[in-house]
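# Inside the fold
Spelled out from the first residue to the last, the chains are:
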Amino acid sequence: MEDASLPQPQSIEERPGPIFRKLLRFDVVDSTSEAAKLLLGQGADEGTILVAKRQSAGKGRHGRAWASPPGGLYVSLVLRPEPQQVAALGLLAGIPVVKALRHHGVFAGLKWPNDVVFMEKKIGGILSEGVYRGDRFYAVVGIGVNTGVDLERLPEDVRERATSLRREVAGTVDNDDFLEYMMGHFEDLVSRFRMGTGDRLLKDYRGLCTTIGREVVVTTPQGKVAGRGYDITPLGALVVMDRAGRKTEIVDGTVEDVA
Ligand code: BTN
């Protein structure tokens, strides 16, 4: 019997895979990632994609809200990596998003760890979470992209630092086309990740990362670190080098570019 307390998708579609074989479509949910967590093992398992037309309580990194008006792409992917792989997976998840944006005419990059940016403005973001159900460990990778978002519908403080595909390129973008293109690259990413080709994926990430080579200040839980973005470690930490050549590895923080 249907459990009314669980989010009910509008439709459930089979996909060719090989990894992502099920697509749950929602009109509105609080958050596709929260919906995924509620449905783990009860309609959502490894290889499930949840997509919503809008979110009423979209979540960003560090407990921030993710404004989710209609027109944007709000997606969560369910995977079952090892717990220690979640951080790297979340980082690498930026690659398919950037590829899809570039395919649609916006030459985006990744600001460490995984803000998707174009001309210093944020156009997408990724929130990767690990969660246990019993002894089964899942990763829920949430992706938000300002595809067809009308920037006027974003809160003022967000609007100043944000852009959208709709703003940057002529013509409209179909979210389903965008999703399909992006998922093609996700299939490839996850297959390569599983084969253990993480070092090559990290090279791909470095190539797309706008933080490398930039003068930055990173706000971390331990304080601020200033210097030049120098490298990304195999576990996804950012290495910042100061003027004296001292290197600091940062696992969590918010990067600001120094003008
Ligand atoms: C960030 O840059 O702060 C991460 C934003 C992640 C937003 C996406 S939208 C789909 C999924 N559901 C959520 O509530 N958050 C993620």
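Refer to the structure above for everything that follows.
Residues numbered from 1 in each chain as written. Predicted model: local features only at pLDDT ≥ 70, side-chain atom pairs only at ≥ 80, totals over all residues. Heavy atoms only, no water.

### A closer look at the packing of aromatic side chains
Aromatic ring pairs: the centre-centre distance and the angle between the two ring planes describe each pair. Using the criterion set out here, one finds one aromatic pair in the structure. Arranged with centres 5.1 Å apart and planes meeting at 65°, the rings of Y132 and F137 form a pair that is edge-to-face. The ring of Y138 carries R80 above its face, with NZ or CZ at 5.5 Å from the centroid. (Phe/Tyr/Trp six-rings, centres within 6.5 Å; stacked < 30°, edge-to-face > 60°. Lys NZ or Arg CZ within 6 Å of the ring centre and 35° of its normal.)

### Quick look at the sheet that holds strand β11 (residues 238-241)
Taken in spatial order, the five strands of this open sheet run β12-β11-β10-β9-β13, and their pairing is antiparallel. Where the open sheet ends on each side, the last strands, each with one partner, are β12 (247-250) and β13 (254-257). With direction set aside, neighbouring strand axes in the sheet form an average angle of 45°. Across four bridges, the pairing between β11 and β12 is antiparallel. Bridged to L238 within β12 is I250. (Pairing = 2+ DSSP bridges. Helix = DSSP H or I, 4+ residues; strand = E, 2+ residues; numbered from the N terminus. Axes fitted to C-alpha atoms, helices over the stretch in contact; angles between N-to-C directions.)

### Let's talk about the site of the ligand
Contacts to the ligand come from 19 residues, most closely from S31, Q55, K59, R61 and K122. T32 has a polar side-chain atom sitting 3.2 Å from a nitrogen atom of the ligand. K59 places a polar main-chain atom, nitrogen or oxygen, 2.7 Å from an oxygen atom of the ligand. Protein chains bury 99% of the 420 Å² of accessible surface belonging to the ligand in isolation. (Near = heavy atom within 4 Å. Polar contact = N/O pair within 3.5 Å; in protein donor to acceptor, adjacent residues only side chain to side chain. Areas by Shrake-Rupley, 256 points an atom, 1.4 Å probe, with all protein chains shown as cover.)

### Here we look at the layout of surface pockets
By volume, the largest pocket is sized at about 930 Å³. R64, W66, D115, K122 and R161 are, among the 45 residues lining the largest pocket, the residues nearest its centre. At the level of secondary structure, the elements contributing two or more residues to the lining of the largest pocket comprise α1 (32-39), β4 (73-79), β5 (109-111), β6 (115-118), β7 (121-133), β8 (136-145), α4 (156-159) and β13. Ranked by the residues each element gives to the lining of the largest pocket, the list is headed by β7, at four residues. Its residues assigned to classes, the lining of the largest pocket comprises 19 nonpolar, 15 polar and eleven charged. Volume-wise, the second largest pocket comes out at about 390 Å³. Contributing to the lining of the second largest pocket are 19 residues, with R61, A87, P113, V251 and D252 lying nearest its centre. Sorting the residues of the lining of the second largest pocket by element identifies α2 (86-92) and β7 as the ones contributing at least two each. Within the lining of the second largest pocket, the residues separate by chemical class into ten nonpolar, six polar and three charged. (1 Å grid on protein atoms, 1.4 Å probe; cavity = no way out; pocket = protein on both sides within 12 Å on 5 of 7 lines; lining within 4 Å. Points joined across faces, edges and corners; volume = space filled by probe spheres on them. Nonpolar A, V, L, I, M, F, W, Y, C, P; charged D, E, K, R; others polar.)

### As for the environment of V158
Relative to the helices and strands, V158 is located in helix α4. The exposure class of V158 is partly exposed, given its relative accessible area of 30%. (Buried < 20%, exposed > 50% of the residue type's maximum accessible area, 1.4 Å probe, protein only.)

### So, empty space enclosed by the protein
Per the counting criterion, the structure on display carries one cavity of 30 Å³ or more. There is about 50 Å³ of room inside the largest cavity. At the level of secondary structure, the elements contributing two or more residues to the lining of the largest cavity comprise α3 (94-103), α6 (175-194) and α7 (198-208). Of all the elements, α6 adds the most residues to the lining of the largest cavity, at four residues. Its residues placed into classes, the lining of the largest cavity shows four nonpolar, one polar and four charged.

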